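# Per-entry structural report
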Amino acid sequence: FSLALLTTACSTVPEGGAPAANSSKSMMPADADTKALYIQSCYSCHSSGAAGAPRTGVAADWQPRLEQGMDTLLEHTISGFKGMPPLGMCMDCGEEEFIKLIRFMSGQE
């Protein structure tokens, strides 16, 4: 599968009929290792909001999740929650990588 194919498969139109923010699709982590993990495991859904995923860089999507705290976000990432599969499709990631990815996607880095 190509990244473009995965992105197309996960693309959704949010409530109100407006397309997902283009900025979510163009944002990438500065760190090369985090960027590789993001593209491999997070991009296809978090860039578009597929299955209710909070979109990368969209504060309104992340605010209610951040209010739950990092421990809860980590638990949801590791165990799976709603539309998010266990380990968020990153079978080799540990807590440190998940924290970096969450911070990047939520705009905390």
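Structure report, in brief.

Basis of the calculations
- Residues numbered from 1 in each chain as written.
- Predicted model: local features only at pLDDT ≥ 70, side-chain atom pairs only at ≥ 80, totals over all residues.
- Heavy atoms only, no water.
- Axes fitted to C-alpha atoms, helices over the stretch in contact; angles between N-to-C directions.
- Helix = DSSP H or I, 4+ residues; strand = E, 2+ residues; numbered from the N terminus.
- Parallel < 35°, antiparallel > 145°, perpendicular 65-115°, else oblique.
- Left-handed = near helix turned anticlockwise from the far one by under 90°.
- Contact = heavy atoms within 4.5 Å.
- Nonpolar A, V, L, I, M, F, W, Y, C, P; charged D, E, K, R; others polar.
- Phe/Tyr/Trp six-rings, centres within 6.5 Å; stacked < 30°, edge-to-face > 60°.
- Buried < 20%, exposed > 50% of the residue type's maximum accessible area, 1.4 Å probe, protein only.

The interhelical angle for the contact between helix α5 (residues 70–79) and helix α6 (residues 95–105), taken along N-to-C directions, is 110°, at an axis separation of 10 Å. Considering their axes alone, α5 and α6 lie roughly perpendicular with respect to each other. As for the relative orientation of α5 and α6, their crossing is right-handed in sense. Of the residues in α6, those touching α5 at M70, L73, L74, T77 and I78 are E95, F98, I99, I102 and R103. Tallied by class, residues from the contact of α5 with α6 come to seven nonpolar, one polar and two charged.

Let us now look at the packing of aromatic side chains. Scanning all chains against the criterion turns up two aromatic pairs. Seen in terms of ring centroids, Y38 and Y43 are 5.9 Å apart; in terms of plane orientation they differ by 85°. Their pairing is edge-to-face. Of the two residues, Y38 and Y43, both sit in the buried class. Consider the rings of Y38 and F104, whose centres lie 5.1 Å apart with planes at 80°: the pair is edge-to-face. Of this pair, Y38 sits in helix α3 (residues 32–46) while F104 sits in helix α6, and the two are 66 residues apart along the sequence.

Here α3 crosses α6 at 60°, and the two axes come no closer than 11 Å. With respect to each other, α3 and α6 are oriented oblique. Relative to α6, α3 is oriented so that their crossing is right-handed. Taking contact as the criterion, the partners of T34, L37, Y38, C42 and H46 in α3 are, on α6, E97, K100, L101, F104 and M105. Of the residues in the contact of α3 with α6, the class split is six nonpolar, two polar and two charged.

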